[in-house]
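Summary of the model geometry
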Amino acid sequence: MIEFKNVKKKYDNGYEALKNINLECSEGEITALIGPSGCGKTTLMKLINRLHNPTSGTITIAGKDTSSIDPIELRRKIGYVIQHVGLFPHMNIGRNVATVPKLLKWDKERTRKRVDELLEMVSLDPETYRDRFPSELSGGQQQRIGVIRALAVEPSIILMDEPFSALDPISREQLQDELIRLQRDIKKTIVFVTHDMDEALKIADKIALMKDGEIVQYGSPEEILRRPANDFVKEFIGEKRLEVYQDTPTIRQVMVNNPVTIYPHRGLAESLKRMEGKKVDSLIVVDERDHLLGYVTVFDVLKEYDNEAIKVKDLMHSFEYKVESHMLLPEAIQQMHERKASYLPVVDESGVLEGLLTRGSIVGYIGKEYDGEVEGVL
Amino acid sequence: MHDYGYFSVFIERMPDLLDKLYEHLIIVVIAIILGCIVAIPLGVYLAKTSIRWIRSLIFNIVNIFQTIPSLALLAMIAPLLGYNFKTAVVALFLYSLMPILKNTFAGFDSIDEEIIESANGMGFGSMERIIKVELPLALPYIMSGVRITTVYIISWAVLAGLIGAGGLGELILAALSLNDNPLVIAAAVMAMVLALISDFVLRLIEKLSTRRGQTAKQ
Ligand SMILES: Nc1ncnc2c1ncn2[C@@H]1O[C@H](COP(=O)(O)OP(=O)(O)O)[C@@H](O)[C@H]1O
Ligand SMILES: [Mg+2]
């Protein structure tokens, strides 16, 4: 976790670029810094790896004050991607990606393996691309290299300063999608500077909206869209986007709040009784603290019914896909459709079961709220 | 009196010609090496320093040497260091400074801010960055400065003969006093050939120092 406490930054020329910043960037999340040009996003980001030092206040990483860490050492542990890529034109792709491993004196074999692995991660064939030079790659490919170069030594923190803004819209979308996919696996703490609201909404877990060296609003994309703090935020988000998001229901409004659950150590007779009683064909398995574990179906239970030794946990399947309650309904419906799921479990951040999104609950909601305007929602 | 023509002189006087060519080359090489040792680090410093007045001061000083006519420069240094090899090397060294300095400065100055920023962000120390990232990028510029200087200095070194520093100039001077026209021409041709060959070789090195990726701008 990166934490800013009462951070101020005054440049040597007297310009006060940051005024009393307090911010937490959570572990494993993408925090987007967004705001108009000159509002201090880059300055804020560069305080993290000490490319700038704060005039006052402290910045801590995992509880450690960065001012006590040698800046060069710190920077080698933090990935860094900038807008104009900054690939070294005199080095081929392999050497570019191997920059930080080399600075950290990794041995040749380990470095080579890692470079190939990284190239494959962004679908660039190592054999083809390793020996090419940056000028021989497209803008999108160059930026992919910029991103994997920052990942080379598996830093837990990555800083990205408008990494995709110089790309054409199609490559930009592609790279955003790739970043989201990548982040699902690598779970880094990413600080992502952008001035594009769509980009922030698409990729960020948390958004810090800045203006004139201050954070005007901080929260999840959902929170910012639903409860813009003031007119500046509203204007920045744009009327059109606000309309779309504020009228669109989230899963929370639609889901079934008390799904039928069972504990994993219970027997099959009890399971069947519950299913009969509640008229459902499967039960959601949770532990004593309501953490979602999986589900059992009536078919599984009937098949093994005669065997008294078998417990729910022996027949349990786990869910491939779960959703959080702030997801917008259209997206959830699309996910259900793509995954051919008849229902989706809704969990909170810590994995506690909050409800179930079922086909029945969706139809019920649409019928109630929209009364013949169904197409408008989908 | 001599008994050779404009062609046979190369055969008859080859030992002398090669001897003086060798002296000539040594004067030039030492002057250039000294020039590089001083001008390259100085150029890097000037490109990196944020103190403006130091930059213009040094450029002005070095420029002054450039504007002194070569003969005058020799005449100024000779009383201090003697009429010898040393004087010639020092004078030529002073001449070599400006082109190498200028090109080194230009080379480092041409590097994109983004490249330096991304190097800093990834954790290069400043020395490490200058040597591993910036120097290779500036090298084609520096090499082109070295090449241009070398070619000039080869011809200026002929004047070193005037102060008895040796080299092809000395041979030309001696031949002139003996009215040995074929030898005058032969020595001049040697200097010319030396300049052409140096130019060719240094151009080659320049090309090799421009890596594949560098030619096309990103
Ligand atoms: N090195 C510097 N010296 C003085 N002022 C600076 C420096 N870097 C940035 N600034 C100023 O600080 C403000 C914030 O800059 P920056 O953080 O780059 O903004 P953003 O990334 O949000 O566009 C701008 O007004 C900019 O002019
Ligand atoms: Mg910026």
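Residues numbered from 1 in each chain as written. Chains lettered and ligands numbered in written order. Predicted model: local features only at pLDDT ≥ 70, side-chain atom pairs only at ≥ 80, totals over all residues. Heavy atoms only, no water.

1. Some words on the overall build of chain B
Along the backbone of chain B there are 10 helices and 0 strands. Taken from N to C terminus, the helices and strands of chain B fall in the order α-α-α-α-α-α-α-α-α-α. For the C-alpha atoms alone, the extent of chain B along its principal axes is close to 75 × 40 × 20 Å. Across the 218 residues in chain B, those meeting the buried criterion constitute 49%. Relative to all contacts within chain B whose residues are 6 or more apart in sequence, the contacts with residues 24 or more apart total 77%. Surface accessibility of chain B: about 11000 Å² in total, with carbon and sulfur atoms responsible for 70%. (Helix = DSSP H or I, 4+ residues; strand = E, 2+ residues; numbered from the N terminus. Buried < 20%, exposed > 50% of the residue type's maximum accessible area, 1.4 Å probe, protein only. Contact = heavy atoms within 4.5 Å. Areas by Shrake-Rupley, 256 points an atom, 1.4 Å probe, with all protein chains shown as cover.)

2. Brief notes about the sheet that holds strand E10 (residues 214-219) of chain A
Strand pairs in the sheet, formed through backbone hydrogen bonds, run parallel or antiparallel to each other. All names here are of chain A. If you walk across this open sheet you meet the 6 strands as E6-E7-E8-E3-E9-E10, and the pairing is mixed. A single partner strand is all that each edge strand has here, and the edge strands are strand E6 (78-81) and E10. Put simply, the sheet's adjacent strands are angled 15 degrees from each other on average, direction ignored. In the sheet, strand E3 (residues 30-34) pairs with strand E9 (residues 206-211) via 4 bridges, with the strands oriented parallel. Bridge assignment links leucine 33 to a residue of E9, and that residue is alanine 208. (Pairing = 2+ DSSP bridges. Axes fitted to C-alpha atoms, helices over the stretch in contact; angles between N-to-C directions.)

3. Side note on the site of ligand 1
Residue and element names in this part refer to chain A. Around ligand 1, the surrounding shell consists of Tyr11, Asn13, Tyr15, Ala17, Ser37, Gly38, Cys39, Gly40, Lys41, Thr42 and Thr43. In the model, an oxygen atom of ligand 1 is placed 3.3 Å from a nitrogen or oxygen of the cysteine 39 main chain. Here an oxygen atom of ligand 1 and a backbone polar atom of glycine 40 are 3.0 Å apart. Summarising the interface, the protein chains cover 64% of the accessible area of ligand 1, which totals 560 Å² for the free molecule. (Near = heavy atom within 4 Å. Polar contact = N/O pair within 3.5 Å; in protein donor to acceptor, adjacent residues only side chain to side chain.)

4. Some points on the interface of chain B and chain A
Counting residues at the interface gives 22 residues for chain B, matched by 28 residues for chain A. Interface area, chain B with chain A, both sides summed: about 2200 Å², of which 62% is carbon and sulfur. Note that glutamate 117 of chain B and lysine 46 of chain A form a salt bridge whose closest N and O atoms lie 3.6 Å from each other. Counting residues per element, the ones that place at least two in the side of chain B that touches chain A are helix H6 (113-122), helix H7 (126-156) and helix H10 (212-215) of chain B. Among the elements that make up the side of chain B that touches chain A, the one with the highest residue count is H6 of chain B (8 residues). Looking at the side of chain B that touches chain A residue by residue, the class counts come to 8 nonpolar, 8 polar and 6 charged. (Buried area = accessible area lost by both parts, 1.4 Å probe. Salt bridge = Lys/Arg side-chain N within 4 Å of Asp/Glu carboxyl O. Nonpolar A, V, L, I, M, F, W, Y, C, P; charged D, E, K, R; others polar.)

5. Considerations on the domain arrangement of chain A
Structurally, chain A comprises domain 1 (2-245) and domain 2 (252-370). If you average the C-alpha positions of domain 1 of chain A and of domain 2 of chain A, the two centres end up 37 Å apart. (Domains from an automatic or database assignment.)

6. Things to note about a nonpolar patch on the surface
Residues and elements named next belong to chain B. Nonpolar side chains collect at one region of the surface, where Leu25, Val29, Ile30, Ile33, Leu34, Ile37, Val38 and Phe85 lie side by side and expose about 620 Å² of accessible area between them. Residue contributions to the nonpolar patch peak at 7 residues, all from helix H2 (residues 14-48). Mapped onto the secondary structure, valine 29 falls in helix H2. (Patch = residues over 30% accessible without salt bridge, like charges linked within 9 Å, V, L, I, M, F, W, Y side chains within 5 Å.)

7. Overview of the environment of lysine 187 of chain A
One can find lysine 187 of chain A in the loop between helix H8 (169-186) and strand E8 (189-194). Once the C-alpha coordinates of lysine 187 of chain A and serine 156 of chain A are considered, the two residues, 31 residues apart in sequence, prove to be 8.3 Å apart.

8. Notes on the pairing of E6 of chain A
All names here are of chain A. Covered by surrounding structure in E6 are Ile78 and Tyr80 together with Gly79 and Val81, the residues of both alternating faces. The sheet contact formed by E6 and strand E7 (residues 157-161) spans 4 bridges and is parallel. Within E7, the residue paired with glycine 79 across the bridge is isoleucine 158.

9. As for a negative patch on the surface
All names here are of chain A. On the surface, Asp231, Glu235, Glu239, Glu243 and Asp247 cluster together to form a negatively charged patch. Broken down by secondary-structure element, the contributors of at least two residues to the negative patch are helix H11 (231-237) and helix H12 (239-247). Sort the elements by how many residues they give to the negative patch and H12 lands first, with 3 residues. Tracing the backbone through its elements, the reader meets glutamate 239 in helix H12. (Lys, Arg positive; Asp, Glu negative; His and termini not counted. Charge placed at Lys NZ, Arg CZ, Asp CG, Glu CD.)

10. A word on the state of the cysteines
Counted by the stated rule, this structure contains 0 disulfides over all chains. With no disulfide of its own, cysteine 25 of chain A lies 14 Å from the sulfur of cysteine 39 of chain A, the closest cysteine sulfur. (Disulfide = S-S within 2.5 Å.)

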